[in-house]
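# Summary of structural features
Residue-level listing of the chains:
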Amino acid sequence: MSADALLDALDPEQRAVALALRGPVRVLAGAGTGKTRAITHRIAYGIRTGVYRPANVLAVTFTARAAGEMRTRLRELGAPGVQARTFHSAALRQLGFFWPKVVGGAPPRLVEAKAQLVAEAARRVGLSVDRESVRDLASEIEWAKVGLVVPDDYEKALAATGRPAPAGADAQAVARLMAAYEQVKDERAVIDFEDVLLLLAAMLAERRDVAETVREQYTHFVVDEYQDVSPLQQHLLEQWLGGRNELCVVGDPSQTIYSFAGATPHHLLSFTQRYPRATTVELVRDYRSTPQVVALANRVIAQTLRAGGPRPLELRAQRPDGPEVGYVAYPDDEAEAAGVARAAARLVASGVPAAQIAILYRTNAQSEAFEAALAEAGVGYQVRGNERFFARRDVRDALVLLRGGARAADPDVPMPEAVRDILRNVGWAEEPPPARGAVRERWDAMQALVGLADALAAAPPEGRERATVADLVAELDERSSAQHAPTIDGVTLASLHAAKGLEWDAVFLVGAREGLIPTLQAETPAAVAEERRLLYVGVTRAREHLQVSFARAGRPGGRASRSATRFLRDVWPQGGPASDAATRPESVATDARVVERLTAWCAERAHADGVPARSLLTSAQIDEVARLRPRTLQELATVRGIGQQKLRVIGDGVLAAVAGGEARRR
């Protein structure tokens, strides 16, 4: 691709980003506006025109998945060799390289969890703790360290921010615990993730030779999701830059959702104060979502300006019209889970891939009910944030077999076919197992590897006519190091925080009620504003289908005292959450003639089989079938309580009764 062709692929604003090759540059990029496309084309264009050398560019992202995606895109644009890493990955690599020279010996061991160290520190300072308080104290230590708050300044920092001390402790006790925590680490010769950034920044500040080496290596920087940088990350970035201004930052203040962890949009918003001659480009053309979804997103986030926040970007939809956003008030939590599962199943039956459907919620505790409902509806799913894909034992076993297969592969056998033969030894088959559970989860993981093999075969490495099993192993090794897992074919269950940076064709935004969005813990105006931004992030994950729902009561028959979130009061149909009867699933008419046919069929079939009629279909199931009037077994499977076994035994007969024909007995 020529340099001009790179620019031809961009809209006017994206092109302005690509042409701004010299820093400082600030890109304010709304959700779905193609920011990754803009910055990867900028890097590729800079390399193609000779302004950049690939090895001199460091692109910093906030997740390993985003870093992996950026490397893939740069490779496709003919710009391999660019370092795209998270802050921690880049810092850990540099720290490991310079430690033997600066300190001597191997770097201290990195601990991934603070719990044991925090518990020991609490014991030393006389704090009584349990598992929950240890977790809260560990989070507080992280907040202080990424905010560059030392133990001696902790009390002042709490007073300045209005932040309460965690775990019911007073500020002085937490400060003492923070100091003891550092002592415990020193005694055990270990460091935590925050130390990686702190130690490297100190090296760069104190050792000119180290700083010169790094600054000679990296002359151009790109920082994605800049609204989420912490003071510690900003401090390290400034050490990398060393007073230079070859910096391009990309972010959106409306997507700041990690303030609790020390992130702040201050650096993005004040960028032009630090760099008065900076170029600023706004990306507002939304290529992701339909006008219906974009309109809701704009209305949700517009309120932040009225509350004294920064001016939000107003998105402009570029896609054609899609379905209207759905608003559903379910009677109770159980009904919400079942209703959403049935709706997801209908989407799958209509042709929407399960991997392109997500159920998003505010807290992880909400996932269990939806997992159960999806399993009952026969819909595959994956919970984002559970065990890492490459840490799974079955995936590790598959990688061992693939490595062996790469050495013994027959060059005449197409790579995808060879991969399928290898993975049959670890649970893969042409068709998925009917039941959920560990067996299906293993198949889903293997199917993700098969899908990656197919994708690699369709787009082999640059300069190669066909991909090999060895190429797949190399791709998996790179993804494993970056924790960039392949996609599993199932409905995604994820918290709103975990959904950041992702998108799906269809999104069910559940639990959209007071007490959850915003959460009861959001007691300050700043906390409520962040909850609004969190809802905005959830809305903007949807490409085409979006349903927002909540349950009026917690349990069946419970008091219907809940109301929809305050953030949607001006958009909820018919003037407000109290008048939404028309949106309830129960309001869809039940066909009395279908009920009569199904009842007669059940009676006849039950008599022939010598079983109670209710063992075939309950009255509630008959009503539901009559309401949905399914035409296929997939559609029938969306009815609560009708699983694969019932489909095999009575599915055809039920469909025949619905259609009015003579029931067939299987």
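Residues numbered from 1 in each chain as written. Predicted model: local features only at pLDDT ≥ 70, side-chain atom pairs only at ≥ 80, totals over all residues. Heavy atoms only, no water.

Identification of the protein as DNA 3'-5' helicase from Cellulomonas alba is taken from an unreviewed UniProt entry.

## Overview of the packing of helix α3 (residues 35–48) against helix α4 (residues 64–76)
The description of two helices packed together rests on the angle between their axes and the distance between the axes. With their axes 10 Å apart at the nearest point, α3 and α4 run at an angle of 50° to one another. In terms of orientation, α3 lies oblique with respect to α4. Relative to α4, α3 is oriented so that their crossing is right-handed. Between α3 and α4, the residues in contact are Thr36, Arg37, Ile39, Thr40 and Ile43 and Met70, Arg73 and Leu74, respectively. Residues of the contact of α3 with α4, tallied by class, amount to four nonpolar, two polar and two charged. (Axes fitted to C-alpha atoms, helices over the stretch in contact; angles between N-to-C directions. Helix = DSSP H or I, 4+ residues; strand = E, 2+ residues; numbered from the N terminus. Parallel < 35°, antiparallel > 145°, perpendicular 65-115°, else oblique. Left-handed = near helix turned anticlockwise from the far one by under 90°. Contact = heavy atoms within 4.5 Å. Nonpolar A, V, L, I, M, F, W, Y, C, P; charged D, E, K, R; others polar.)

## Details of the sheet that holds strand β15 (residues 504–509)
In space, the six strands of this open sheet follow the order β11-β16-β15-β12-β14-β13, with parallel pairing throughout. For this open sheet the edge positions go to β11 (326–332) and β13 (381–383), each flanked by a neighbour on one side alone. Sheet twist, expressed as the average angle between the axes of neighbouring strands with direction ignored, equals 25°. As paired elements, strand β12 (residues 357–361) and β15 share four bridges and run parallel to each other. From the neighbouring strand, leucine 360 faces β15, where its bridge partner is leucine 509. The sheet strands contacting helix α16 (residues 333–349) are β11, β12, β15 and β16 (542–553), and the helix crosses β11 at an angle near 140°. Most of the contacts of helix α17 (residues 367–376) go to strand β14 (residues 491–495), to which it runs at about 170°, and overall it touches β12, β13 and β14. (Pairing = 2+ DSSP bridges.)

## With respect to the pattern of salt bridges
Scanning the entire structure with this criterion turns up 39 salt bridges. Of the charged contacts in the structure, one is a salt bridge between arginine 285 and glutamate 13, with a shortest N-O distance of 2.6 Å. With arginine 285 in strand β9 (residues 285–286) and glutamate 13 in helix α2 (residues 12–19), the pair connects residues that are 272 residues apart, well separated along the chain. For arginine 285, a relative accessible area of 22% gives the class partly exposed. In this structure, arginine 362 and glutamate 531 form a salt bridge, with 2.8 Å as the shortest nitrogen-oxygen distance. Pair noted here: arginine 362 is in the loop between β12 and α17 and glutamate 531 is in helix α22 (residues 525–539), with a separation of 169 residues, a long-range link. Accessibility classification places arginine 362 together with glutamate 531 in one group, the buried group. Connected via shared salt-bridge partners are Lys35, Asp224, Glu225, Asp228 and Lys500. (Salt bridge = Lys/Arg side-chain N within 4 Å of Asp/Glu carboxyl O. Buried < 20%, exposed > 50% of the residue type's maximum accessible area, 1.4 Å probe, protein only.)

## Considering unusual backbone geometry
Leave glycine aside and you will find that most residues have negative phi; peptide bonds, for their part, are mostly trans. Look at the link from glycine 23 to proline 24: it is a cis peptide, with omega at -5°. By the secondary structure assignment, proline 24 is in the loop between α2 and β1 (25–29). Put simply, isoleucine 517 and proline 518 share a cis peptide bond, and its omega is 5°. Among the structural elements, proline 518 can be located in the loop between β15 and α22.

## Quick look at the side chain of threonine 565
Inspection of the secondary structure assignment puts threonine 565 in the loop between β16 and α23 (592–609). Among residues more than four places away in sequence, those in contact with threonine 565 are Ala512, Arg513, Glu514, Ile517 and Pro518.

## Some words on the UniProt feature "domain: UvrD-like helicase ATP-binding" (unreviewed entry) in the protein
Per the UniProt record, the feature "domain: UvrD-like helicase ATP-binding" (unreviewed entry) sits at residues 8–290. Helix and strand shares over residues 8–290 are 52% and 12% respectively, and the end C-alpha atoms of the span are 24 Å apart. (UniProt positions renumbered as here; feature names shortened; annotations may be inferred.)

## Some thoughts on the side chain of glutamate 140
Residue placement: glutamate 140 occurs in helix α7 (residues 131–146). The exposure class assigned to glutamate 140 is buried, which follows from its relative accessible area of 3%. Contact partners of glutamate 140, with chain neighbours within four places excluded, come to Tyr154, Leu158, Arg163, Pro164, Pro166 and Val174.

## Remarks on the packing of helix α5 (residues 87–102) against helix α12 (residues 231–241)
Relative to each other, α5 and α12 sit at 50°, their axes nearing to 12 Å. Here α12 runs oblique to α5, going by the angle between their axes. Pair α5 / α12 crosses with left-handed handedness. Residue-level contacts link Phe87, Ala90, Ala91 and Gln94 of α5 to Gln233, Leu236 and Trp240 of α12. When grouped by side-chain class, the residues that make up the contact of α5 with α12 number five nonpolar, two polar and no charged.

## A look at the packing of aromatic side chains
Enumeration according to the criterion identifies 10 aromatic pairs in this entry. Judged by centre distance (6.1 Å) and plane angle (55°), the rings of tyrosine 258 and phenylalanine 260 are tilted. By relative accessible area, tyrosine 258 is classed as partly exposed at 25%. (Phe/Tyr/Trp six-rings, centres within 6.5 Å; stacked < 30°, edge-to-face > 60°.)

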